[in-house]
Amino acid sequence: DAKTTQPPSMDCAEGRAANLPCNHSTISGNEYVYWYRQIHSQGPQYIIHGLKNNETNEMASLIITEDRKSSTLILPHATLRDTAVYYCIVRVAMNFGNEKLTFGTGTRLTIIP
Amino acid sequence: DGGITQSPKYLFRKEGQNVTLSCEQNLNHDAMYWYRQDPGQGLRLIYYSQIVNDFQKGDIAEGYSVSREKKESFPLTVTSAQKNPTAFYLCASSPGAGGVVGELFFGEGSRLTVL
C-alpha cells in the first residue's frame, strides 16, 4: 500500500472551510484514498473515499488531483465538533470482509471558536 | 440501536495476568477486527476475522489471542506474553455486500492499563 504524508496539526476558524491535505505520490492505479477521523478517546469514523473522481457526501468533499499524487479533504463549514485527528489512508481495492486498513498518525485538526 | 459494544471501557491488570476484552456487534456484519492504539500513534491491526470460526493474524498478533464462535462476538485475550500491553484497544466490524467497501465501524474502545 502506498505511503501517505499529512501535516501533524492544523487550525481552522469555526464556520470556515477546513482543507486537509494528503500527499500520496507513490499511489498505484488501483489504490483508493480513504479518509477517517477520530475524536478524542473514541473509535475512528469513516468519512469518505475515492479513486480518481472528486467525491462529496453529507460530511465532506474529497478532491483528488489529476495525477492522483495528492488529495484534499474539505469540511465546508467547520464546527467545534469537527476537532479530531484525521487519517488519510491509501489502499488497494478491497474485498468485503478483508478491509484491513493501516492508520498512520494523521492530522490533528483544531477548530478555533 | 445497532452498533458495536466494547467492554470494559477501562481495565487494570497486574503483570502476568491474562485479560479478555469483549466486543459484541448487532449490525449483522461478517467481518470483525481488533486494533491497538498507543498514545499519539496510529492504529495497528492485531487480528481480524472474515467469518465465524476463522481468523487471521494482523501486524502485531504476538501475545494476543482471539476466537470467533459467534457472528456477533469477537473477544480478544491479552496474554502475559504481551510485553507491553498498556494501550487503547479498538474493535471494528465491516458489512458485506451492500455496504461501502472499506468502511469500518468502530466501538468506543477499551483502555487497558497494566500496573
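Before reading on, note that the structure itself is shown above.
These lines cover the structure that appears in this document, whether it is placed above or below. (Residues numbered from 1 in each chain as written. Chains lettered and ligands numbered in written order. Predicted model: local features only at pLDDT ≥ 70, side-chain atom pairs only at ≥ 80, totals over all residues. Heavy atoms only, no water.)

## Re the environment of B:Glu72
Mapped onto the secondary structure, B:Glu72 falls in the loop between strand S7 (64-66) and strand S8 (76-78). Placed 30 residues apart in sequence, B:Glu72 and B:Gly102 show a C-alpha to C-alpha distance of 19 Å. (Helix = DSSP H or I, 4+ residues; strand = E, 2+ residues; numbered from the N terminus.)

## Thoughts on the state of the cysteines
Two cysteines, two sulfur atoms, one covalent bond between them: this is a disulfide. Residue and element names in this part refer to chain A. Taken as a whole and assessed by the stated rule, the structure comprises two disulfides over all chains. The disulfide bridge from Cys22 ends at Cys88, spanning 2.1 Å between sulfur atoms. The disulfide joining Cys22 to Cys88 has a torsion of about -80 degrees about its S-S bond and is therefore left-handed. On the criterion of sequence distance, the pair formed by Cys22 in strand S2 (residues 18-23) and Cys88 in strand S8 (residues 84-92) is long-range, its members being 66 residues apart. (Disulfide = S-S within 2.5 Å.)

## Let's talk about the packing of aromatic side chains
In total, this model carries 11 aromatic pairs over all chains according to the counting rule given. With a centroid separation of 5.7 Å and 75 degrees between ring planes, the pair formed by A:Tyr36 and A:Tyr46 is classed as edge-to-face. With A:Tyr36 in strand S3 (residues 31-38) and A:Tyr46 in strand S4 (residues 45-50), the pair connects residues that are 10 residues apart, well separated along the chain. Residue A:Tyr36 is classed as buried on the basis of its relative accessible area, which comes to 0%. Among the residues examined, A:Tyr46 registers a relative accessible area of 14% and is labelled buried. Ring geometry for B:Tyr35 against B:Phe106: centres 5.8 Å apart, planes inclined by 45 degrees, an arrangement best described as tilted. Here the residue B:Tyr35 occupies a position in strand S4 (residues 31-37), and B:Phe106 occupies one in strand S10 (residues 105-106), the gap between them amounting to 71 residues. For the pair shown, B:Tyr35 and B:Phe106 are each scored as buried. One aromatic cluster in this structure is built from A:Tyr36, A:Tyr46, A:Tyr87, A:Phe103, B:Tyr35 and B:Phe106. Over the aromatic face of B:Phe74 sits the side chain of B:Arg68, whose NZ or CZ is 6.0 Å from the ring centroid. One Lys or Arg, B:Arg111, reaches over the ring of B:Phe88 and ends 4.5 Å from the middle of that ring. (Phe/Tyr/Trp six-rings, centres within 6.5 Å; stacked < 30°, edge-to-face > 60°. Buried < 20%, exposed > 50% of the residue type's maximum accessible area, 1.4 Å probe, protein only. Lys NZ or Arg CZ within 6 Å of the ring centre and 35° of its normal.)

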